[in-house]
Amino acid sequence: MNVIPSVFNPNSDEHQNYKPVLEWVVKGKGKMVCGGTTYWDEFKKIGKYLKFFNQLNKAGKVVKVDDTLVDNKMNELSYVPIAISMIRI
């Protein structure tokens, strides 16, 4: 499920549900965790968030997981893609 627009777009219908996640990442200790071929394919479709993503990356708020590891795990689980995950570090 691609929730990137819900997190980053204040005009999204679901933004209020994800606003605490955005604030946790931007203002708190939260980090955006990303990786895998499917994630990057989904991200390309919503490229308007790329500039903000790059700002988060420069601020040390993005943790990139090896794409091959994510792809292998997804294949192992036979699961359809997860576009974004959040963890506390």
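Computed from a predicted model, the values in this text were never measured in an experiment. Think of each chain on its own: its residues are numbered from 1, step by step along the sequence as written. Given that the model is predicted, a residue must reach a pLDDT of at least 70 before its local features are reported, and side-chain atom pairs must reach 80 or more before they are shown or counted; all residues, however, enter totals for whole chains, interfaces and linings. For the side-chain quantities, the full set of heavy atoms in the structure was used; hydrogens and water were omitted.

Some thoughts on the side chain of Ser6
What counts, and what does not: Secondary structure counts use DSSP, requiring at least four H or I residues in a row for a helix and at least two E residues in a row for a strand, with both numbered from the N terminus. Whether two residues are in contact is decided by their heavy atoms, any of which lying within 4.5 Å being enough.
Residue placement: Ser6 occurs in helix 1 (residues 4–8). The residues contacting Ser6, other than those within four sequence positions of it, are Ser12, Glu14, His15 and Tyr18.

A short note on the nonpolar core
As a rule of thumb, nonpolar side chains are buried together in soluble globular proteins. Counted only if it meets this: Here, the term nonpolar core denotes a set of buried Ala, Val, Leu, Ile, Met, Phe, Trp, Tyr and Cys residues that are joined through side-chain atoms within 4.5 Å. Only protein chains enter the accessibility calculation, which uses a 1.4 Å probe. A residue is then buried if its area is under 20% of the maximum for its type, exposed if over 50%, and partly exposed in between.
One finds Ile4, Phe8, Met32, Tyr39, Phe53, Leu56 and Val62 to be the most contacted residues of the largest nonpolar core, which totals 16 residues. When contributions to this core are tallied by element, the ones reaching two or more residues are helix 1, helix 2 (15–27), strand 1 (30–34), helix 3 (37–45) and helix 4 (50–58). Discounting chain neighbours no more than four positions away, the residues touching Val62 are Met32, Cys34, Phe53, Leu56 and Asn57.

Examining the pattern of salt bridges
We count it as follows: Salt bridges, as used here, are contacts in which a Lys or Arg side-chain nitrogen is within 4 Å of a carboxyl oxygen on Asp or Glu.
This structure, assessed with the given rule, holds three salt bridges. One salt bridge connects Lys44 with Asp41, and the closest N-O pair in it is separated by 3.9 Å. Of this pair, Lys44 and Asp41 both sit in helix 3, three residues apart, which is roughly one turn of the helix. The class for Asp41 is partly exposed, based on a relative accessible area of 38%. Close ionic contact of Glu76 with Lys73 constitutes a salt bridge, the shortest N to O distance being 3.1 Å.

Considering the environment of Lys61
Counted only if it meets this: A 3.5 Å cut-off defines polar contacts: any pair of N or O atoms within that distance qualifies, except that in protein one atom must be a possible hydrogen donor and the other a possible acceptor, and neighbouring residues in sequence count only when both atoms are side-chain atoms.
Looking at the secondary structure, you find Lys61 in the loop between helix 4 and strand 2 (62–64). Using a relative accessible area of 13% as the deciding quantity, one classes Lys61 as buried. For the pair Lys61 and Val25, spaced 36 residues apart in the sequence, the C-alpha separation amounts to 6.8 Å. Setting aside anything within four residues of it in sequence, one finds Lys61 in contact with Trp24, Val25, Val26, Gly28, Lys29, Gly30, Lys31, Met32 and Leu56. A polar contact is formed between the side chain of Lys61 and the backbone oxygen of Gly28, at a distance of 2.3 Å. Of the polar contacts made by the side chain of Lys61, one reaches the backbone oxygen of Gly30; its length is 3.4 Å.

Focus on the packing of aromatic side chains
For any pair of aromatic rings, geometry is given as the distance between the ring centres together with the angle between the planes. Which entries qualify depends on this criterion: Aromatic rings from Phe, Tyr and Trp, with only the six-membered ring used for Trp, were paired whenever their centres fell within 6.5 Å, and each pair was classed as stacked if the ring planes differed by under 30 degrees, edge-to-face if by over 60, and tilted otherwise.
Tallying each qualifying case throughout the model produces four aromatic pairs. Summarising the aromatic geometry, the rings of Phe8 and Phe52 are spaced 5.1 Å apart at their centres and angled 75° between planes, so their arrangement reads as edge-to-face. Of this pair, Phe8 sits in helix 1 while Phe52 is found in helix 4, placing the two residues 44 residues apart along the sequence. Among the residues examined, Phe52 registers a relative accessible area of 28% and is labelled partly exposed. Residues Tyr39 and Trp40 carry aromatic rings whose centres are separated by 4.8 Å and whose planes lie at 85° to one another, so their mutual orientation is edge-to-face. Trp40 gets classed as partly exposed once you look at its relative accessible area, which sits at 24%. Through pairs of rings, three or more aromatic residues link up here, namely Phe8, Tyr49 and Phe52.

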